[in-house]
Amino acid sequence: MNRPPDTRPLMRRLFERRSLDTLAPVPKFATYAILLAWTFVVLFPLYWVLVTSLKIQIQVDAGPYYIPFVDFTPHLDAWNFMLFQNNTLWPYMNSIVVALTSTILALLFGSMAAYALVRIRFQVKLAAIIAFIVLVIGVIVAVVEFAVPWQVAILAAIVLFFLALTSIGRRFKAALGNNDIEFWMISNRIMPPIVAVLPIYVMFQHLKLLDTQIALISTYTAVNLPIVVWLTRDFFAGIPLDLEESAEIDGASKFRVFFTIALPLVRSGLAATFMLVLILAWNEYLLALFLSNANAQTMPVLVSAQNTTRGPQWWYMSVLIVIMIVPVIVIAAFLQKHIARGLLIGAVKG
Amino acid sequence: MPYLSVNHSAFCNTGRYMAVNVSIPNETDRRERVAQWVDRHSGRIMVLPAVLILLAFAIFPLIASAYLSLSRFALAAGSFKLTFIGFYNYTRLFLGVQQYHFLGTFKPFGPLEWTLLAGVMLLLAAWLSRYALTGFTPLGFAGRLITAGLIGAVWFVVLATAVAGGIPGTLLNTLLYVFVGVFVQFVLGLALALLCAQPIRSRSWFRVIFFIPVMVTPVGVAYIFRMLADMQKGPFAPLSHFLGVSQWSWATEAWSARLMVLIGDTWQWTPFMFIVLLAAVENQPRDQLEAAHLDGAGPFQIFKDITWPTIAPVAATVVLIRLIEAFKIIDMPNVLTAGGPGLATESLTLHSFISWRTQDLGGSAAVGYLLLFVSTITCVSFFNFVVRYTRRYQ
Amino acid sequence: MASKLGVFSSALVAMALASTGLPATAGEFDGVTVNVMTQTGAIQEPLQRRAPEFEKLTGAKINVIAVPFSDLYQKVLTDWASGTNSVDAAVFAPQWMVDYVAGGYLEDIGARVAKDKDIQWNDIAPFFRDFSSSYGGKTYLVPLDGDFHMLYYRTDVFEKAGLKPPTTWDEYLADAKALNGKDFNGDGTKGYGSCIAKKRNAQSYWFVTDVVGSMTQAKGTSQGTFFNTKDMTPLVDNAAFRKALDFLKESSKYGPPDELNMDVSDTRPLFTSGKCALNLDWGDVGVLAIDPATSKVIDKTGATIMPGSKEVLNWDTGKLEACTKDTCPYAIDGVNHAPYAAFGGWSGGINTKASDKVKDAAYAFYSYVSAPAQSNVDVTIGKTGFNPYRVSQLNYSDSWKTGGMSEKAAALYLGAIKDSLNSPNMILDLRIPQNQKYQQVTLDEAISRFLAGEIDEETTIKTISDGWKDLNDQIGTSDQLKFYKNTLGAK
């Protein structure tokens, strides 16, 4: 591409760009410099983790050693212990199963709900909601204060709910629409897990599901649903109606339209949402701490457990952090174009 | 108050289906009828799983926790005992023995504090009255009143503790992490996004690498930073020796400890801002950019007139997402300093967690609920007044 | 006829085996799995190491579940209180026994102990036997470890400076001041006079009791140091507590700059890498100091009984008065020592709701780990976290020699332990219900804020005093008084 020679004075040549697709020398240098500096900021802590995983205790305590083979002799003790002697495989498997399953379920239920909220009109009676809340309070008080067995209390509550619906519901027509339902679903994300965790613990304990993968999967699905609804709702709102409408006229059911037409159209957004939710589920700590013991222990809890009364066993912890990051990086690199595009679409409308 | 502005949703009546009246044998007839029933109620069926899950895992625990926060928990033989004690758990956080923990240690007001308090009160009153005079709705006014109330109350506590020489409690610590943290992360993320959107090579490499911190588990990040911040054994020890600060510990002073928590939090979450803002910046209308460039507009001009208006809605949304998450911070302060020195780095979730650890379940639930109130009011206010505002041209 | 002979001879074999001292007969617990919960790292290590040995001997599979220390209490309690009962047995602090017994979760093992010859119950030091393993007259725990505080010092540094290890807290401060900043290891780096763990939510609240107790308790363990045994008033608003707070503040001047963020996991390597002249800690430092892989102070470490005080507190006036034969019946050279059995020593308890076979297997495992053949080896190894608690472990034996402790070091280390254990004035850790709230929340938080300079001394005293009184009120003062007197054996 032959461009006319640059005949501008020196200062302009250094600082002003000639076209949108090139950078002037000084800004170019500054840009690369800053970006590379941030790259160092990002990578150095991770490098330090990697290097620490190759050290033994006395090397860590004695002071900073930076480069293996130059500064210090690396040892594979920590890796050996963590991978082969310690029971690391079990929590790793737990993490994989719990994260993947809960992400897929959240995506499925969340996108279904979002699609319905975008395409179908809902009217939820206010009376029903109030009746529901009153009955939940009733069940809790009955079980705690009056020692009613919880199965009986819940059954009675369900019966009363339907009774209330049919009688009071007829009289008061005030209702909440789609926007309010969406708002409710998404605002659940604001709730801090610490508020919800103890009742959830008691619930699982009554169902004899404590310390199982099922408990974690269902809890993570619930915690991440709001994000899925938030993001996918806008993806669906953005796709044109024609394809769906013509399919429906041809007699396809809503479900068929959803699965065969709507979902494929928002692939990109789904990939981004998948990645985000997977990261959240993979790295979650507080709920796993409460709800798991030995059987369902996940990786973040194992990382934290390396902090003993003798001090954090940095070398073991580093190994765990490294093996936790690697699969996520691989998946992210694979999906990275989708992520950016998908998040953008979601954020624009959301 | 509607949360999302539904601009493009299509409403379609349930029950629109093609009924083809042909005589069919009974078996298929029944299946047809079931399929029609399913299709008619497809809306409800599609929404049902999500609703049930949220009811079980969000509404039920919320109500149960509310009940827990109004009682005192004690273990008894074989089970536990919950004694109803009214609002004691809450009042002791505001006015009682735990006030120093939650709100902070108050010091008397001086003239400076009174002036600042009066100033902010006047601003809030002006804002409210402006709304009352133009386009008043009861719901809108009530909402603004709540927001103003929270801002006023928090400002009062800030003046009484931080400005007047007292000591801030967990409420203010959390608000500091949220607002300062998110602000810094936003500015950094935006700067990086703008830089990365320039015509440079290996942009995808930068994108992947910059995204990595988000993928590390927060507990891991906290321990990493504890390692890095060690002035004696960490990688920066020679630097701290050189600067002569190796005998000083960041963990023993309130503000340096808080700063360290903010640094760790920023390292982890700036990439999230960066990724979304980068996509937004890349999505600017190219024709406008070219026109501006031809007109000889400088970089700042272009940013002010083209870039910022384009990305404002995205920026507002991503800040909102980050705000919601930031309120829940616990791993970083817990691991770095266990909430210390004193109470300097303790966040509300950490406060609640520590209470839980010693069987004070009622107190723990009360703190959790207060966190819920504060974060809800803040996030909803932010959405209504900032996010909606940036979307006014869309 | 043949079958009867078979039965008879196998019975003979069984008797023979039993009499040789195996904790259980081979294959007795085939198919039984016991879930034992404890903390990660130390304590987990020896249990995990001995589990396969025990399985070979008896067929029981011991599944060691390790959780971070800060979560252990709550996890075990929640598991047992909620009826989940996935934890069959747990190794924890005797202090927590009170809450577990109150809920009826712990199995009374008195009968099993009485039948058990292999555990050599009488070899266990009286203090741990009588106080750490029992409550309200019943035995609930098997001691696996002995915990109390001692003073450690650099023998070479003290010799060079011509100083003797301190016997009172005032001497401690003077020594720390004199030695602070000197070069201990000949490598040009400045050492610290005193290293004490002062981090929040860690162990700092035990160290304050070390100092207070030496002034508050002089008449024997049953006197106690936390509350007035007449009416449960906290023994906080007095001259002794104020002096203790002064000591903590002053000692920070001669310590590492990071001291406020250090727990024992930080001060221990600091001492063993040669940077401290004086250190207060549990028995771990002694064995860590002889570990050639991590220690730079092998044969340079000495230990003594905790420093004491020449003045004691008059409980009625709240003032300090000089030590006399009446006020300090157990004084050594005019100094009242009150070694603090902080934490009590990791001990094993059994869930009463577990099945009988599981309970028997759990007890047999504890008995195995605690038996001298195993225990005497484990207490010589630093990373087990087990410290001496048996009389037989306090003599310089081959186990210590194999562990790497020289006779000189052992004389100091084991001697200090003996002095402490033999003291009739040992301080018993607080064991009233919900003691965690008193110590780990109220006391720890106030101390942390005091050391950080957030509150002054008077406010600290008031906060702790009011906080403890408030807890008494909420839980029931007369009940707490009853429990307190019970644990002390006070009249």
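Treat the numbers as computed from the prediction; the structure is a model and nothing was measured.

*Asks:* Any chance you could explain the nonpolar core here in plain terms?
*Replies:* Nonpolar side chains tend toward joint burial in soluble globular proteins. Among the nonpolar cores identified, the biggest contains 336 residues, and A:Ala113, A:Leu225, A:Leu320, B:Leu277, C:Val34, C:Val36 and C:Phe365 are the most heavily contacted of them. Beyond its immediate stretch of four places on either side in the chain, C:Val36 contacts C:Leu47, C:Ile62, C:Asn63, C:Val64, C:Ile65, C:Asp88, C:Ala89, C:Ala90 and C:Val91.

*Asks:* Quick question: what am I supposed to make of the interface of chain B and chain A here?
*Replies:* Accessible area lost during the coming together of the parts is what is often quoted as the interface size. On the side of chain A, 97 residues touch chain B, which itself brings 95 residues to the contact. Looking at the side of chain B that touches chain A residue by residue, the classes come out as 69 nonpolar, 20 polar and 6 charged.

*Asks:* Where do I start with the domain arrangement of chain C in this structure?
*Replies:* Residues and elements named next belong to chain C. Domain assignment breaks chain C into domain 1 (28-147 + 344-403) and domain 2 (150-342 + 423-488). Listed as interface residues are 19 residues of domain 1 and, on the opposing side, 22 residues of domain 2. The element contributing the most residues to the side of domain 1 that touches domain 2 is helix 4 (residues 97-102), with 3 residues. When the residues that make up the side of domain 1 that touches domain 2 are grouped by side-chain class, the tally is 8 nonpolar, 9 polar and 2 charged.

*Asks:* Whenever I open this one, the confidence of the model for chain C confuses me. Can you help?
*Replies:* Interpreting fine coordinate detail is not advised for predicted regions of low pLDDT. Residue and element names in this part refer to chain C. Residues at a pLDDT of 70 or more form 95% of chain C, whose mean pLDDT is 86. Segment residues 1-23: pLDDT under 50, and 11 contacts once partners within four positions in sequence are set aside and those in other chains are kept. Confidence estimates for the predicted assembly give a pTM of 0.81 and an ipTM of 0.83.

*Asks:* How should I be thinking about the sheet that holds strand 8 (residues 192-195) of chain C in this particular structure?
*Replies:* In a beta sheet, neighbouring strands pair by backbone hydrogen bonds and run either parallel or antiparallel. All names here are of chain C. Taken in spatial order, the 4 strands line up as 8-9-7-10 in an open sheet, and their pairing is mixed. In the strand order of this sheet, the two ends are held by strand 8 and strand 10 (301-304), each with one partner. On average, adjacent strands in this sheet sit at an angle of 15° to one another, irrespective of strand direction. One ladder, built from 4 bridges, connects strand 7 (residues 150-154) with strand 9 (residues 276-281); its direction is antiparallel. Across the sheet, Leu151 pairs through a bridge with Leu280, a residue of strand 9. Of the strands in this sheet, strand 7 and strand 10 touch helix 16 (residues 407-422), which is tilted by about 15° from strand 10.

*Asks:* Please explain the environment of B:Ala292 as it appears in this structure.
*Replies:* Residue and element names in this part refer to chain B. Within the secondary structure, Ala292 is located in helix 12 (residues 286-294). Residue class for Ala292 comes out partly exposed when judged on the 17 C-beta atoms lying within 10 Å of it. The sequence separation of Ala292 and Lys328 amounts to 36 residues, and the corresponding C-alpha distance is 43 Å.

*Asks:* Looking at this structure, I do not really get the domain arrangement of chain A. What am I missing?
*Replies:* All names here are of chain A. What the domain assignment reports for chain A is domain 1 (26-75) and domain 2 (89-121 + 209-349). Each side of the interface is counted separately: domain 1 has 7 residues, and domain 2 has 6 residues. Residue contributions to the side of domain 1 that touches domain 2 peak at 3 residues, all from helix 2 (residues 25-52). In terms of residue class, the side of domain 1 that touches domain 2 is made up of 4 nonpolar, 2 polar and 1 charged.

*Asks:* Explanation requested: the sheet that holds strand 1 (residues 33-39) of chain C in the structure shown.
*Replies:* Residues and elements named next belong to chain C. On the basis of which strands lie adjacent, the open sheet formed by 5 strands has the order 2-1-3-14-6 and mixed pairing. If you trace the sheet from one side to the other, it starts and ends with strand 2 (61-67) and strand 6 (142-143), each paired once. Pairing of strand 1 with strand 2, which is carried by 7 bridges, proceeds in the parallel orientation. The residue bridging Asn35 from the neighbouring strand is Asn63, located in strand 2.

*Asks:* Would you take a moment to explain the interface of chain B and chain C for this structure?
*Replies:* Facing 25 residues of chain B, the contacting portion of chain C comprises 27 residues. Sorting the residues of the side of chain B that touches chain C by element identifies strand 1 (71-76) and strand 2 (79-84) of chain B as the ones contributing at least two each. Classifying every residue of the side of chain B that touches chain C gives 12 nonpolar, 11 polar and 2 charged.

*Asks:* Explain the packing of helix 8 (residues 169-179) of chain C against helix 10 (residues 239-253) of chain C here, please?
*Replies:* To describe two helices that pack against each other, one gives the angle between their axes and the distance between the axes. Residue and element names in this part refer to chain C. The contact between helix 8 and helix 10 brings their axes to 10 Å, and the two run at 15°. With respect to their mutual orientation, helix 8 and helix 10 come out roughly parallel. Considering only the axes of helix 8 and helix 10, their crossing is left-handed. Contact with helix 8, carried on its side by Trp169, Leu173 and Ala176, involves Phe247, Glu250 and Ser251 of helix 10 and no other residues of that element. Classifying every residue of the contact of helix 8 with helix 10 by side-chain character gives 4 nonpolar, 1 polar and 1 charged.

Definitions and limits used
Residues numbered from 1 in each chain as written. Chains lettered and ligands numbered in written order. Predicted model: local features only at pLDDT ≥ 70, side-chain atom pairs only at ≥ 80, totals over all residues. Core = buried A, V, L, I, M, F, W, Y, C linked by C-beta atoms within 7 Å. Buried ≥ 20, exposed ≤ 12 C-beta atoms within 10 Å, placed from the backbone. Contact = placed C-beta atoms within 7 Å. Nonpolar A, V, L, I, M, F, W, Y, C, P; charged D, E, K, R; others polar. Domains from an automatic or database assignment. Helix = DSSP H or I, 4+ residues; strand = E, 2+ residues; numbered from the N terminus. pLDDT = per-residue confidence, 0-100. Pairing = 2+ DSSP bridges. Axes fitted to C-alpha atoms, helices over the stretch in contact; angles between N-to-C directions. Parallel < 35°, antiparallel > 145°, perpendicular 65-115°, else oblique. Left-handed = near helix turned anticlockwise from the far one by under 90°.

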